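If you want the building blocks of each chain, they are given just below.
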Amino acid sequence: MKQRRIGQLLTAGLIIAGIAVTGTAVTGCGGHASHPPEPPAAAVRAVAVESTEEPQWIEAVGSIRSVREATVASKVMGTVVQIRKQAGETVRKGEVLIIVDSRDVEGQIGSAKGALAQARAAASIAETNLRRFEQLFEKKAASPLELDQARYQYETAMGAVAQAEGAVETASSFRSYAEIPAPFDGRVVDRLCEVGDMAAPGRPLMKVEDGARLRIDVSLPETAHGAVRAGDSVRVQIPSLGEQGFTGKVTEVVPAADPMTRSFLVKVELPENPALRSGLYGQAMIPSGAKRAIRIPAGSVLARGGLTGVFVAEGDRAGFRLVTARPLHDERVEILSGLSDGDRLVLDPPADLRVGQPLEVRP
C-alpha cells in the first residue's frame, strides 16, 4: 500500500512538471518575454563606514534642588496674625516673613520686669544693711558673725538681681521671635500656614530656598562607583529646556549606597542661570572610558515597512541593511548593530531607490 502511494505521488509530480515545461515552451514559441525591463542606474553618493573611538557616558538622572534650603518655623507658640510673603516672591536676609501674636510674650516680659524690680529693691535694702553692720563692726558694736550674715544677704540679693535681669532678657528675646525673618537671600517656594493658624515651636510655616545656587542630585549605579570624583566637571542636560546643555561641577559623592536602589548619590552644582528651577528633571553625563562607535547622518536612515535600515552599495547594486540606531543631538545617529567597518553607506538615498537596483556611485 505504501509503495503504491509513493508511485502515485511521483506520477502526479511528473505530470505537474510536464505542464510547467509545456507552458514555458509555449511562451517561448509565442516570443513574448515575461521579465520586466531593468530599472535605470540610480546616481547616488556613497562613503565607507568607519568606526571611531569616542568617550563613553553613563546617563545619571535626578532632580534639581537648591544648594541652600530652609524650613521656617516659630520658636514661640501663638496665632499667625500676618503673612508678608507668598510663594514665588524674593526675600532678603532678615526680612520679616510671618508675624505671630506676641501678647503672651508681652505678659512674660512684664512679669520678668516686675521680678527684677523686686530683686533690686531687696538688694538695695541688703546693701544698706551691710554698710550699717560694717560701721558697727568697726566700733566693736557687732560681732563677726552678724557682719558675715549681712554680707551673705547682700550677695544673695545681688544674685537674685542678676537672675531677674536674665529673665527679662530671655522674655525680651521672645518678642523678636514673634517676627520670623528670612534666614538668607532667596525666594519663597512654599507657604505652609494661613492667618489664624496656631504656630508652635518646630512646626514648619514656610519654605525658602536660594534660587541663585542650584544643584542636581543624580543616582549613579553601584557598578559605576568611582567613575566620578568631587571636583570633576560633567555635562548636564535638562530635557524641558531643549537641547541647551550646562556644565556642572561635582561637589559631593555620597560614599554609602542606597540599600533599596543600589545606587550612589552624586551632587552636581550648576551654574547660575535664570532658566533653571528647582524640581526640574535632568540628566548628568558621567564619563566612563571609551568605546568604538559608528555614527552616520540621520538622513541616511530610512523606515521601510515598519523596519529601520540603510541602503548600502553592494558592488554596483543597492542593498538594504536592517540597523539598530540611537538618535544623537547633532543630526546624527549612532549605529548599534547592522553596519560594520568598510560597508559603503548610501548617503541621502532617493525615495524611489529599490533593493537590487543598479547604482552609479558619484563622489
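What counts, and where the lines are drawn
Residues numbered from 1 in each chain as written. Predicted model: local features only at pLDDT ≥ 70, side-chain atom pairs only at ≥ 80, totals over all residues. Heavy atoms only, no water. Helix = DSSP H or I, 4+ residues; strand = E, 2+ residues; numbered from the N terminus. Buried < 20%, exposed > 50% of the residue type's maximum accessible area, 1.4 Å probe, protein only. Contact = heavy atoms within 4.5 Å. Areas by Shrake-Rupley, 256 points an atom, 1.4 Å probe, with all protein chains shown as cover. Phe/Tyr/Trp six-rings, centres within 6.5 Å; stacked < 30°, edge-to-face > 60°. Lys NZ or Arg CZ within 6 Å of the ring centre and 35° of its normal. Pairing = 2+ DSSP bridges. Salt bridge = Lys/Arg side-chain N within 4 Å of Asp/Glu carboxyl O. 1 Å grid on protein atoms, 1.4 Å probe; cavity = no way out; pocket = protein on both sides within 12 Å on 5 of 7 lines; lining within 4 Å. Points joined across faces, edges and corners; volume = space filled by probe spheres on them. Nonpolar A, V, L, I, M, F, W, Y, C, P; charged D, E, K, R; others polar. Core = buried A, V, L, I, M, F, W, Y, C linked by side-chain atoms within 4.5 Å. Polar contact = N/O pair within 3.5 Å; in protein donor to acceptor, adjacent residues only side chain to side chain. Expected span 1.5 Å × (residues − 1).

Draft legend 1. Here's a closer look at the overall build of the protein. Counting secondary structure elements, the protein contains three helices and 22 strands. A buried classification covers 31% of the 363 residues belonging to the protein. In the protein, 73% of the contacts between residues at least 6 apart in sequence involve partners at least 24 apart. Accessible surface, the protein as shown: approximately 22,200 Å² in total, 54% of it carbon and sulfur.

Draft legend 2. Representation of the packing of aromatic side chains in the model. Scanning the entire structure with this criterion turns up one aromatic pair. The positively charged end of Arg68 is found above the aromatic ring belonging to Phe184, 4.4 Å away from the centroid.

Draft legend 3. Here's a closer look at the sheet that holds strand S3 (residues 69-73). Strand order in this open sheet of four strands is S3-S10-S8-S5, and the pairing throughout is antiparallel. Of all the strands in the sheet, the pair left with one neighbour each is S3 and strand S5 (90-91). Taken together, the four bridges between strand S8 (residues 186-191) and strand S10 (residues 204-209) define a ladder with antiparallel strand orientation. Paired with Arg187 across the two strands is Glu209, which belongs to S10.

Draft legend 4. Representation of the pattern of salt bridges. If you walk through the whole model with that rule in mind, you get 21 salt bridges. With a closest N to O distance of 3.7 Å, Arg321 and Glu314 form a salt bridge. What makes Arg321 partly exposed here is its relative accessible area of 26%. Counted as one network, the salt bridges with shared partners bring together Arg65, Glu69, Arg215 and Asp217.

Draft legend 5. Region of the structure containing unusual backbone geometry. Positive phi outside glycine occurs at Lys140, with the angle close to 65 degrees. Summarising the element assignment, Lys140 is placed in the loop between helix H2 (103-138) and helix H3 (144-177). On the accessibility criterion, Lys140 (76% relative accessible area) is exposed. Look at Arg262: it is not a glycine, yet its phi comes out positive at around 55 degrees.

Draft legend 6. Representation of the layout of surface pockets. Of the voids in this model, the largest pocket is the one considered here, and its volume is about 630 Å³. Trp57, Glu59, Met285, Arg326 and His329 are, among the 19 residues lining the largest pocket, the residues nearest its centre. Contributing elements (two or more residues each) for the lining of the largest pocket: strand S2 (52-66), strand S12 (233-237), strand S15 (281-297) and strand S19 (324-327). Among the elements that take part in the lining of the largest pocket, S2 stands out by supplying five residues, more than any other. When the residues that make up the lining of the largest pocket are grouped by side-chain class, the tally is five nonpolar, five polar and nine charged.

Draft legend 7. Here's a closer look at the sheet that holds strand S6 (residues 96-100). Within the open sheet, the four strands sit side by side as S7-S6-S4-S9. Their pairing is antiparallel. Each edge of the open sheet is held by one strand with a lone partner, namely strand S7 (179-181) and strand S9 (198-199). As judged from the three bridges shared by S6 and S7, these two strands associate in the antiparallel manner. Along S7, the bridge assignment pairs Ile98 with Ile180.

Draft legend 8. Focus on the nonpolar core. Among the nonpolar cores identified, the biggest contains 20 residues, and Leu220, Val236 and Ile286 are the most heavily contacted of them. For this core, the element with the most residues is strand S11 (residues 214-221), which contributes four residues.

Draft legend 9. Quick look at the side chain of Glu54. Its location among the elements puts Glu54 in strand S2. The buried category is assigned to Glu54, whose relative accessible area is 14%. Engagement of the side chain of Glu54 in a polar contact is seen with the side chain of Arg295, the distance being 2.7 Å. The contacts of Glu54, once residues within four sequence positions are left out, are Ala290, Lys291, Ala293 and Arg295.

Draft legend 10. Spotlight on the pairing of S3. Judged by which residues are buried, S3 turns out to be one-sided: Ala70 and Val72 face inward and are buried, whereas Glu69, Thr71 and Ala73, on the alternate face, are not. Alignment of S3 against S10, held across five bridges, turns out to be antiparallel. Within the sheet, the bridge partner assigned to Ala73 lies in S10 and is Pro204.

Draft legend 11. Structural detail: H3. Over its 34 residues, H3 extends 50 Å from the first C-alpha to the last, a length consistent with the 50 Å expected when each residue adds 1.5 Å. Taken residue by residue, H3 has Leu147, Ala150, Tyr154, Ala157, Val161, Ala164, Val168 and Ala171 as its buried positions.

Draft legend 12. How the structure looks around the pairing of strand S14 (residues 263-269). Taken across its seven residues, S14 has five buried, putting it largely inside the fold. Bridge count for S11 against S14 is seven bridges, and the pairing is antiparallel. Residue pairing for S14: Arg215 is matched across the bridge by Glu269. Examined bridge by bridge, strand S13 (residues 245-253) and S14 share four bridges and lie antiparallel to one another. Following the sheet pairing, Lys249 is matched in S14 by Glu269.

In short, geometric facts, not functional conclusions.
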